[in-house]
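Analysis of the macromolecular model
Residues per chain, in single letters:
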Amino acid sequence: MAQSLQLFTAYNRSPNHTLPKRATYSETKQFLPATSSRRFPVTVFPKLTIQASSSSSSSSDLESSSSSSSSSPVLVNDNGTGGVLSGATALATYASATSTAAAVTDSSSIEVDSVTEAELKENGFRSTRRTKLICTIGPNTCGFDELEALAVGGMNVARINMCHGTHQWHRNVIKRVRRLNEEKGYAVAIMMDTEGSEIHMGDLGGAPSAKAEDGEIWTFSVRTYESGQPEHTINVNYDGFAEDVKVGDELVVDGGMVRFEVIEKIGPDVKCKCTDPGLLLPRANLTFWRDGSVVRERNAMLPTISSKDWLDIDFGIAEGVEFIAISFVKSADVITHLKSYLAARSRDSDIGVIAKIESIDSLKNLEEIILASDGAMVARGDLGAQIPLEQVPSVQQNIVQLCRQLNKPVIVASQLLESMIEYPTPTRAEVADVSEAVRQRADALMLSGESAMGQYPMKALAVLRSVSVRIEKWWRDEKQYDPMELPDIGSSHSDNISEEICSSAAKMANNLGVDALFVYTKTGHMASLLSRCRPDCPIFAFTSTTSLRRRLNLQWGLIPFRLSFSDDMESNLNKTFSLLKARNLIKSGDLVIAVSDMLQSIQVMYVP
Ligand SMILES: Nc1ncnc2c1ncn2[C@@H]1O[C@H](COP(=O)(O)OP(=O)(O)OP(=O)(O)O)[C@@H](O)[C@H]1O
Ligand SMILES: CC(=O)C(=O)O
Ligand SMILES: [K+]
Ligand SMILES: [Mg+2]
């Protein structure tokens, strides 16, 4: 070790540290001006060299994730001068290049997924993507090949929505993702999203969608239609529906995708006139509005976790999902209740509970809900149906900030690239929206219909990836460090020491321009504390279990590896250096800062 400095006292935190000038990294991706109105962003790629691994290590205990990889826009162009490929071609080329890398690594004893490996080697640590990407899996992405293409394209977490499909369908998706992880070394986590018991439409009698035109009269009814659904009829899942609505109310489908006005009530049937035409999707959410605000009659008393949700949760436990996202959370109690249920039911697994913020009640109790949860999702689809749309951006920013302060991962979801359900390129406004979420340093961005049933799931993911990398690079080049004040959150002195160590390590990493932060963590806590600081270099998180490795894959900037390690940091570091060097993932002279759960210290060293 060329230089090792152990600090047993934490540095003082300064919110406004100045940073030294850093080398700029060559551009890997850029948007060129479009000449036609809809054009896929083009990609300029640096040379990608795949090097054979010269591993001499006998250890079989290191795995790295795709997550990091995720990152990049790395694609292949062997002249390095800016050949232009379409996103899809580029992805395919990259995939084939990296599968060569995978083949090379097969002969060695260290597992590392090909995408991460190729990217770390080619672009260096600093240009790896920090923002994590979640894809909702649906009919267009549930096959093994599609799931693999998503993993290659940077999917860190696969979301399954229990509003749709059977347990068998979801089980097959989970199995395929697990197989992908096992065979290819990815660390794609599974997030199960509950249906919740808010009011929603039925399944449209099996039709994939239905078009509602301006002025058409539709009937919303609690009746279920055994023998086929009459035309322009929608089943509603909430028994009190016809009693609760009034003539003149506005009925809002899916947060405003389609609107109706209630014109007549006939027993259980509610006749409505379409005032804002659009596409009705199966099981879309329904809200009704009166005098400018959302009406919450008896439906406000519906349980957050319905009996169907409990069955789905049992399914999630049995399948060993990493995260359960709870729809329409109203208060912290439900999260606490679920967490104790999970603790009792699944002693050996540690399922993270994500609170979906998508109702007025959840905004009222925001801080206590986030504190009780393991993360939060800004579910803008339903949220935008409950609060005026123009409030959604500021609410998003507040939730993202609060989550970071409370050290909980946060996901920005819904309509990021909505137009890509139908078109191969995003709108400028969508790109701006994605950029803003990245600039806010959300942990993760989520695709919904774009990846579940859209026509261009891989392209939508490629857009998230390239916009993330581009915006992250831009803020690094512009030195736009985020001086967010991070309050102490720990309840014990030892927790506070960990926080101080992580914030000091992150600050040192920025000031010294180190190549990577290393964290050795048994619980993931120190890794999340480093991620919370949003440092300027990637964080290699070493953990001893595969399930924790997958869980860490939701958090900003973490590149999770599985590694068997001991309490002896010196030997952990030497082992890690030799394993990573053998794979050409780091080289002599790289500057690294390391922290761990086991020893309250910060070590700064050059890779020997
Ligand atoms: N498992 C599935 N099977 C069939 N279609 C699906 C599935 N998952 C999603 N979809 C389709 O993709 C669309 C968007 O999916 P998504 O799960 O993101 O819905 P959402 O409305 O954003 O989420 P939520 O229901 O939690 O509010 C759905 O309306 C549905 O048409
Ligand atoms: C994701 C989700 O549930 C929403 O946006 O409503
Ligand atoms: K859901
Ligand atoms: Mg929702």
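Parameters and conventions
- The numbers attached to residues start from 1 for each chain and follow its sequence in the written order.
- Numbering of ligands from 1 and lettering of chains from A proceed in the order in which they are written.
- It should be noted that, the model being predicted, local features are given only for residues of pLDDT at least 70 and side-chain atom pairs only at 80 or more, the latter also being counted only at that level, while totals for whole chains, interfaces and linings use all residues.
- Hydrogens are left out, water is left out, and the side-chain values use all remaining heavy atoms of the structure.
- Secondary structure is summarised from DSSP: a helix means a run of H or I of at least four residues, a strand means a run of E of at least two, and numbering begins at the N terminus for each.
- Remark: exposure states derive from per-residue accessible area (1.4 Å probe, protein chains only) relative to the maximum for the residue type, with buried under 20%, exposed over 50%, and partly exposed in between.
- Contacts were defined at the residue level, with two residues in contact if any of their heavy atoms lie within 4.5 Å.
- Every accessible area reported is derived by Shrake-Rupley at a probe size of 1.4 Å, with residue values counting cover from the shown protein chains alone.
- Centres within 6.5 Å make a pair out of two Phe, Tyr or Trp rings, where for Trp the six-membered ring is used; the pair is then stacked when the planes are under 30 degrees apart, edge-to-face when over 60, and tilted otherwise.
- Criterion for a charge above a ring: Lys NZ or Arg CZ within 6 Å of the ring centre, and within 35 degrees of the ring normal.
- What is meant by a nonpolar core is a set of buried Ala, Val, Leu, Ile, Met, Phe, Trp, Tyr and Cys residues, joined one to another through side-chain atoms within 4.5 Å.
- What makes a salt bridge here is a side-chain nitrogen of Lys or Arg within 4 Å of a carboxyl oxygen of Asp or Glu, nothing more.
- One heavy atom suffices: a residue is near a molecule or strand as soon as one of its heavy atoms comes within 4 Å of it.
- Any pair of nitrogen or oxygen atoms within 3.5 Å is treated as a polar contact; in protein, a donor-acceptor pairing is required on top of that, and neighbouring residues in sequence qualify only through side-chain atoms on both sides.
- Gly is put with the polar residues, along with every residue not named as nonpolar or charged; the nonpolar set is Ala, Val, Leu, Ile, Met, Phe, Trp, Tyr, Cys and Pro, and the charged set is Asp, Glu, Lys and Arg.
- Shown as donors are all N, O and S atoms within 2.8 Å of a metal ion, widened to 3.2 Å for Na, K and Ca; because water is not in the atom set, sites may appear incomplete.
- In short, DSSP must find at least two bridges between two strands for them to pair.
- Working convention: axes come from line fits to C-alpha atoms, limited for helices to the stretch in contact. Angles between N-to-C directions cover 0 to 180 degrees.
- UniProt positions are given in the numbering used here, feature names are shortened, and annotations may be inferred rather than shown by experiment.

Another point: the overall build of the chain. Secondary structure assignment for the chain yields 19 helices and 27 strands. Counting across all 608 residues of the chain, residues that qualify as buried make up 58%. Restricting to contacts in the chain with at least 6 residues of sequence separation, those with at least 24 account for 74%. Total accessible area on the chain stands at roughly 23,100 Å², and carbon and sulfur atoms take up 50% of it.

Moving on: the packing of aromatic side chains. In this description, a pair of aromatic rings is defined by centroid distance and the angle of the planes. Applying the stated criterion across every chain, the model contains 13 aromatic pairs. With 6.4 Å between their ring centres and 20 degrees between their planes, W475 and W556 make a pair best called stacked. You can see W475 sitting in helix α15 (residues 457-477) and its partner W556 sitting in the loop between α18 (546-552) and β25 (558-563), a full 81 residues away along the chain. As far as burial versus exposure is concerned, W475 and W556 are alike and both buried. Connected via pairs of aromatic rings, a cluster forms that spans F518, Y520, F540, F542, F561, F565 and F577. For the cation-ring pair, R179 lies above F144, with the distance from its terminal atom to the ring centre recorded as 3.9 Å. The side chain of R441 reaches across the aromatic face of W475, ending 3.9 Å from its centre.

Nonpolar side chains in soluble globular proteins tend to be buried together. The biggest cluster of nonpolar side chains holds 74 residues, and the ones touching the most others in it are I137, M155, I313, I399, L417 and L445. The leading source of residues in this core is α15, at seven residues. Counting residues in each nonpolar core, the second largest holds 26 residues, with M201, A210, F241 and C272 among its members.

Inspection of every chain in the model, using the stated rule, returns 25 salt bridges. In this structure, E322 and R178 form a salt bridge, with 3.4 Å as the shortest nitrogen-oxygen distance. Pair noted here: E322 is in the loop between α7 (307-319) and β18 (323-326) and R178 is in helix α5 (residues 167-184), with a separation of 144 residues, a long-range link. Given the relative accessible area of 14%, R178 is considered buried. Between R551 and D350 there is a salt bridge whose closest N-O contact spans 3.0 Å. Of this pair, R551 sits in helix α18 while D350 is found in the loop between α8 (332-345) and β19 (352-357), placing the two residues 201 residues apart along the sequence. The buried category is assigned to R551, whose relative accessible area is 17%. Relative accessible area serves as the criterion here: at 56%, D350 is assigned to the exposed category.

With that settled, the discussion passes to the site of ligand 2. In the vicinity of ligand 2, the contacting residues are R159, K356, E358, M377, A379, R380, G381, D382, S414 and M446. Between ligand 2 and G381, the relevant distance is 2.8 Å, taken from an oxygen atom to a main-chain nitrogen or oxygen of the residue. For ligand 2, the protein covers 90% of the area, taking 210 Å² as the surface of the free molecule. Among the elements of the structure, β20 (375-379) and α11 (380-386) are those that each provide at least two residues to the shell around ligand 2. Here the element with the most residues in the shell around ligand 2 is α11; it accounts for three residues. In terms of residue class, the shell around ligand 2 is made up of three nonpolar, two polar and five charged.

So, on to unusual backbone geometry. Phi is positive for D291, close to 45 degrees, though the residue is something other than glycine. Within the secondary structure, D291 sits in the loop between β16 (286-290) and β17 (293-294). A positive phi angle is found at F328, which is not glycine, with a value near 50 degrees. Residue position: F328 is located in the loop between β18 and α8.

Every protein donor of the potassium ion (ligand 3) is listed here as N161 (OD1), D193 (OD) and T194 (O), and their distances to the metal cover 2.7 to 3.0 Å. Here the donor residues for the potassium ion (ligand 3) map to a single chain with the spacing N-x31-D-T. A spacing of 5.4 Å is found between the potassium ion (ligand 3) and the magnesium ion (ligand 4). Remark: D193 occurs in strand β8 (residues 189-193) and N161 occurs in strand β7 (residues 157-161); sequence separation between them is 32 residues. With respect to burial, N161 and D193 carry one shared label: buried.

Next up on the list: the sheet that holds strand β21 (residues 410-413). Strand order in the closed barrel formed by eight strands is β6-β7-β8-β18-β19-β20-β21-β22, and the pairing between neighbours is parallel. Adjacent strand axes in the sheet meet at a mean angle of 25 degrees, parallel and antiparallel pairs treated alike. Sheet topology note: the strand β6 (residues 132-136)/strand β22 (residues 444-447) ladder contains four bridges and is parallel. Bridge pairing in β22 links K132 to A444.

As annotated in UniProt, the feature "domain: Pyruvate kinase C-terminal" (unreviewed entry) corresponds to residues 499-598 in the numbering used here. Between the end C-alpha atoms of residues 499-598 there is a gap of 14 Å, over a span that is 43% helix and 22% strand.

All right, on to the pairing of strand β14 (residues 269-276) then. Where a strand is regular, its side chains alternate between the two sheet faces. As paired elements, strand β10 (residues 217-221) and β14 share five bridges and run antiparallel to each other. From the neighbouring strand, S221 faces β14, where its bridge partner is D269. Note: strand β13 (residues 258-266) against β14, seven bridges, orientation antiparallel. Paired with E264 across the two strands is K271, which belongs to β14. In this antiparallel pair of consecutive strands, β13 and β14, the connection spans two residues, and G267 shows a positive phi of 60 degrees.

A word on the site of ligand 1. Close to ligand 1 lie 16 residues, the nearest being R159, N161, K356, D382 and S448. In this structure, R159 approaches ligand 1 through a side-chain N or O atom, which is 3.0 Å from an oxygen atom. Within the side chain of S448, an N or O atom sits 3.1 Å from an oxygen atom of ligand 1. Within the complex, the protein chains bury 82% of what would otherwise be the 620 Å² of accessible surface of ligand 1. Secondary structure elements with two or more residues in the shell around ligand 1: β7, α5 and α14 (449-452). Looking at the shell around ligand 1 residue by residue, the classes come out as seven nonpolar, six polar and three charged.

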